[in-house]
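Structural overview for review
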Amino acid sequence: MKGKIARIVELSYLQLVVVFLILVLLRELEVLDFPIYYQYFILALPIFALPHLLRRDKANETKLPGVLIILLVIFFFALLLRLLPLINSSVPLGYDPGFYKYTMDLYASSLPQIPEASLATWIKEMYPQGLPVLTDLTHVVAGADAIDNIKYLFPFLGALLVFPVFMVTRNIFGQRAGIIAALLYTVSCTQFEVFTYFYLKNVLGLLFLLLAIYALDKKKYVLMTLMFAALGIFHRPEFLLFALILVPCFLTNRRRDLLLAVLGTAVLIIPFWVTRWEINWGVLSGALETAMTNIQTGGGLGGGTFFDFDTYTKFSIAYLPFALIGGIYLAIKRNWNSVFFFLVISAIIVIAQLFFFNRFIIPLDIAVVILATIGIDYTLLNRERIWRVVGIGAGIILLVAALIPTINSATDAEPLITEEQLQAVEWIKENTEENAYVLATTNDAPWVLGWSDRRVIAPGIFEWDLYEKEEWDIFFNTDDPEVAKQFLDRYDSPVYIYYSINENNYLGLEKFRGKYFQIVYNNGAIVYQYREGGF
Amino acid sequence: MTAGEIVRLIFGGVFVLFIPGLAWSYVFFLRKTIDWIERSALSFGLSIALVPLSVFWLNWLFDMKITLLSTSLTVCGLVVIAAALILARKYGWGNSTLNKLKTVFSRSRKEQEP
């Protein structure tokens, strides 16, 4: 009787999976969207998968021929997806390229030295030394400038992650699971959005995080030490995440090697952290303080710029239930491995909204992708006869359903400013005094900073901002040229004003109609010149 | 971009971002213990980790300037160290030295015993 019930639930699971995936596919294709809360399936499917999970020990491992070729195809597909938005425009995607370009250019212009002492605080806070030092090295050896790194290195690294995702998954769950993980990573809309937001440090962080997990599982502690140290000098949030993963790993296996590896990492990152001790400590203690405040108040503070968890569940709905199934499977088998801790810790940070929780969706998605492969492999593909065909069909629908929002994102992705507007910024570089300031809105500021080679005055961002928020509000809202003049007179060098004509960009141009201002460029963007005595 | 610049970009990129890691991947994993997929990914990861770490350490300790020569020497140094470690393991240099030390130590202790 018990067996019969289990069999009925098991078969219902497959049918439910097929119905769920077809519904998701139809919704993604915008053919049919039922007014149901799809997220309920995230909980429902694992319950129906339980009898199958309890019965099965391990998936039957079949070695796939030509794995390297399959992976290369996946890699090139991931690369193609990331190059697709660059076909129509040479302007990089996202808000951050200007910050990256400015920092890389600043480091390159300081060669042969590393400009630690003269760096502005915001650069030290935003960029640990690893990335700019690396770009310095590619600059002196390969002749690569910031634009080369932005245009070629970033998409390449994004696509390269296919391999570590495969390695970590194969190492723990087998080759077939590894291939599924590589495929899921490629079709993941979240991972593609990382590219459209231009989170280069995040991508490098993921590379080191995955290789550190790989080394941890292989018990290669020296290799793990190097990867952990690399996290410390390239991306602090993922450094913290891996440190948190190591805690339960140590508690479960009590290996002295882990402590030595942590000690080794601390030694390796000494010169990087000693020179910025106050800033790094401030970042870490700030994260802890935010977490405490969010726990006490119910949260929402300091999530970082990325979409929220609700949006994430919408993007990843096709494979999210299978990650939960994978997690439950590991819990049933008491297989407390590093990927399990990776999922649990990043999920706690994101769902409990502790700190930087929107940005932690990026590593969470990687953990979800890896664990979803067990759900897919063990409950869909590892079946016999007709049910195997059904499982494979469901797997294909899942991939297509996950791919559609990614393709839409790749084809719709547009830079935040146009080529004409970027040309206007470059015009400033060529036609204004070298000591000039350029005033810009928060939207335009990173582009002006990165491409104009001039000091940029923008609200609350760079070291040249002399005003408080209230004073900026007055400046933005006034129509009076005298008020604008008074505001700009605090700067003793020539001042220009850059404004790109975009939706959501507001500067209030009426105040620049007086005798002190003159339009010197007007094509997609307006550049005003300010003269204290008037024109 | 001229053809020369493209060639420099490709070869320079491989020199900094792949070669040192490739050498070090053999330190951590002997031949045939991992496949080419793992070795390639490790080579990129290790290079991107090791080269900036080494250069920054050298700059911090010895005020080494970042030039084409110093960077090339650092990369070559990393490869040579990896090669030395691989050879030491292959020919058991480390082990034999360790064994000799152990023998000397145990002999001197025996001589001291009454």
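On a predicted model such as this, the values are computed, not experimentally measured, just so you know.

Cut-offs applied
Residues numbered from 1 in each chain as written. Chains lettered and ligands numbered in written order. Predicted model: local features only at pLDDT ≥ 70, side-chain atom pairs only at ≥ 80, totals over all residues. Helix = DSSP H or I, 4+ residues; strand = E, 2+ residues; numbered from the N terminus. Rg over C-alpha atoms; globule rule 2.2 N^0.38 Å. Contact = placed C-beta atoms within 7 Å. Buried ≥ 20, exposed ≤ 12 C-beta atoms within 10 Å, placed from the backbone. Expected span 1.5 Å × (residues − 1). Bend = angle between axes of the 7 residues up to and from the residue. Domains from an automatic or database assignment. Nonpolar A, V, L, I, M, F, W, Y, C, P; charged D, E, K, R; others polar. pLDDT = per-residue confidence, 0-100. Axes fitted to C-alpha atoms, helices over the stretch in contact; angles between N-to-C directions. Parallel < 35°, antiparallel > 145°, perpendicular 65-115°, else oblique. Left-handed = near helix turned anticlockwise from the far one by under 90°. Core = buried A, V, L, I, M, F, W, Y, C linked by C-beta atoms within 7 Å. Pairing = 2+ DSSP bridges.

Looking now at the overall build of chain A. Looking only at helices and strands, chain A has 25 helices and five strands in total. Computed over its C-alpha atoms, the radius of gyration of chain A comes to 26 Å, within 12% of the 24 Å expected for a compact globule of 535 residues. Of the contacts made within chain A by residues no fewer than 6 positions apart, 76% connect residues no fewer than 24 positions apart.

We now examine the overall build of chain B. A count of helical and extended segments in chain B gives five helices and zero strands. Its helices and strands taken in sequence order, chain B reads α-α-α-α-α from the N to the C terminus. Taken over 114 residues, chain B has a buried fraction of 30%.

Glancing now at helix α3 (residues 67-88) of chain A. In an α-helix, one turn spans 3.6 residues; hence positions three or four apart end up facing the same way. Here α3(A) spans 33 Å end to end across 22 residues, near enough to the 32 Å set by a 1.5 Å rise per residue. Along α3(A), the sharpest change in direction is near 30° and occurs at A:Arg82; proline A:Pro85 comes one to four residues later. For α3(A), the full list of buried residues reads A:Leu71, A:Ile74, A:Phe75, A:Ala78, A:Leu81, A:Arg82 and A:Pro85. Buried-residue contacts for α3(A) involve α7 (146-160), α8 (162-173), α9 (175-187), α10 (189-196) and α21 (385-412) of chain A together with α3 (36-62) of chain B.

Time to look at the domain arrangement of chain A. All names here are of chain A. By the assigned domains, chain A splits into domain 1 (2-86 + 155-412), domain 2 (87-154) and domain 3 (419-530). Summarising the inter-unit geometry, the C-alpha centres of domain 1 and domain 2 are found 29 Å apart. Facing 24 residues of domain 1, the contacting portion of domain 2 comprises 18 residues. Class assignment for the residues of the side of domain 1 that touches domain 2 results in 18 nonpolar, three polar and three charged.

All names here are of chain A. Mapped onto the elements of the fold, Phe-340 is located in helix α19 (residues 338-351). For the pair Phe-340 and Gly-326, spaced 14 residues apart in the sequence, the C-alpha separation amounts to 9.0 Å. Those residues in contact with Phe-340 that sit more than four places away from it in its chain are Gly-327, Leu-330 and Asn-335.

We now examine the confidence of the model for chain B. Residue and element names in this part refer to chain B. Per-residue confidence for chain B averages 87 on the pLDDT scale, and 82% of its residues sit at or above 70. The least confident element of chain B, judged by mean pLDDT, is helix α5 (residues 93-112) at 65; the most confident is helix α2 (residues 19-28) at 96. In the predicted complex, the global pTM is 0.92; the interface-specific ipTM is 0.88.

Residue and element names in this part refer to chain A. Put simply, helix α11 (residues 200-217) and helix α12 (residues 221-234) touch, their axes get as near as 8 Å, and they point 160° apart. The angle between α11 and α12 places the two elements in the roughly antiparallel class. The two elements α11 and α12 meet at a crossing, and its hand is left-handed. Only Leu-223, Met-224, Met-227, Phe-228, Ala-230, Leu-231 and Phe-234 of α12 make contact with α11, whose side of the interface consists of Lys-201, Leu-204, Gly-205, Phe-208, Leu-209, Leu-211, Ala-212, Ala-215 and Leu-216.

This brings us to the nonpolar core. One finds A:Val162, A:Val165, A:Phe208, A:Ala212, A:Met227 and A:Tyr498 to be the most contacted residues of the largest nonpolar core, which totals 201 residues. In this view, A:Met227 contacts A:Phe208, A:Leu211, A:Ala212, A:Ala215, B:Gly45 and B:Ala49; residues no more than four positions away in its chain are not counted.

Reports of interface size often rely on the accessible area that becomes lost once the parts have come together. Listed by partner, the interface residues are 34 residues for chain B and 39 residues for chain A. Elements that contribute at least two residues to the side of chain B that touches chain A include exactly α1 (3-17), α3 and α4 (68-91) of chain B. Here the side of chain B that touches chain A takes 20 residues from α3(B), the largest share from any one element. Split by residue class, the side of chain B that touches chain A holds 22 nonpolar, eight polar and four charged.

Right, let's talk about the pairing of strand β3 (residues 495-500) of chain A for a bit. Residues and elements named next belong to chain A. Along β3, six of the six residues are buried, which leaves the element largely enclosed by surrounding structure. Of the two faces of β3, the one carrying Val-495, Ile-497 and Tyr-499 and the one carrying Tyr-496, Tyr-498 and Ser-500 are both buried. Pairing analysis gives three bridges linking strand β1 (residues 437-439) to β3, with the strands arranged parallel. Considered in β3, the bridge of Val-438 is made with Tyr-496. Bridge count between β3 and strand β5 (residues 525-530): six bridges; the pairing is antiparallel. The partner of Tyr-499 across the bridge, within β5, is Ile-526.

Of note, B:Leu9 is situated in helix α1. The residues touching B:Leu9, leaving out its near neighbours within four places in the chain, are A:Ala142, A:Gly143, A:Ala144 and A:Asp148.

All right, on to the sheet that holds strand β2 (residues 455-457) of chain A then. Residue and element names in this part refer to chain A. Read from one edge to the other, the open sheet built from five strands follows the order β2-β1-β3-β5-β4, with strand pairing classed as mixed. Sheet topology places β2 and β4 (517-522) at the edges, where each strand pairs with a single neighbour. Averaged over all pairs of adjacent strands, the angle between their axes in this sheet comes to 30°, without regard to strand direction.

For the rest of this paragraph, the subject is unusual backbone geometry. Peptide bonds are mostly trans, and most non-glycine residues show a negative phi. The linkage connecting A:Leu111 with the following residue, A:Pro112, adopts the cis geometry, with an omega of 10°. Mapped onto the elements, A:Pro112 comes out in the loop between α4 (97-109) and α5 (121-126). Backbone geometry at A:Phe356 places phi at a positive 50°, although glycine is not the residue there. The backbone phi angle of B:Asp63 is positive, close to 55°, even though this residue is not glycine. Secondary-structure assignment places B:Asp63 in the loop between α3 and α4. You can call B:Asp63 exposed: it has 9 C-beta atoms within 10 Å.

Here the focus is the environment of A:Tyr13. All names here are of chain A. Here Tyr-13 lies in helix α1 (residues 2-28). For Tyr-13, a count of 23 C-beta atoms within 10 Å puts it in the buried group. Remark: the alpha-carbon pair of Tyr-13 and Phe-48, spanning 35 residues in sequence, is separated by 5.0 Å. Once residues within four sequence positions are removed from consideration, Tyr-13 is found in contact with Phe-48, Ala-49 and His-52.

Next up on the list: the pairing of β5(A). All names here are of chain A. Here β4 runs beside β5; their pairing, made up of five bridges, is antiparallel. Within β5, the residue paired with Tyr-521 across the bridge is Val-527. Between β4 and β5, which pair antiparallel one after the other, the connecting turn spans two residues, and Gly-524 there sits at a positive phi close to 80°.

Here we come to helix α6 (residues 130-142) of chain A. In this model α6(A) runs 18 Å from its N-terminal to its C-terminal C-alpha over 13 residues, within 8% of the 18 Å that 1.5 Å per residue would give. Looking at the residues trailing α6(A), positive phi occurs at A:Gly143, about 75°.

So, about the packing of α10(A) against α21(A). Packed helices, taken two at a time, are described by the angle between their axes plus the distance between the axes. Residues and elements named next belong to chain A. At a minimum axis distance of 9 Å, the contact between α10 and α21 shows a crossing angle of 15°. The orientation of α10 relative to α21 falls into the category roughly parallel. Pair α10 / α21 crosses with left-handed handedness. Where α10 approaches α21, its residues Cys-189, Phe-192, Glu-193 and Thr-196 are matched on the opposing element by Pro-405, Thr-406, Ser-409 and Ala-410. In terms of residue class, the contact of α10 with α21 is built from four nonpolar, three polar and one charged.

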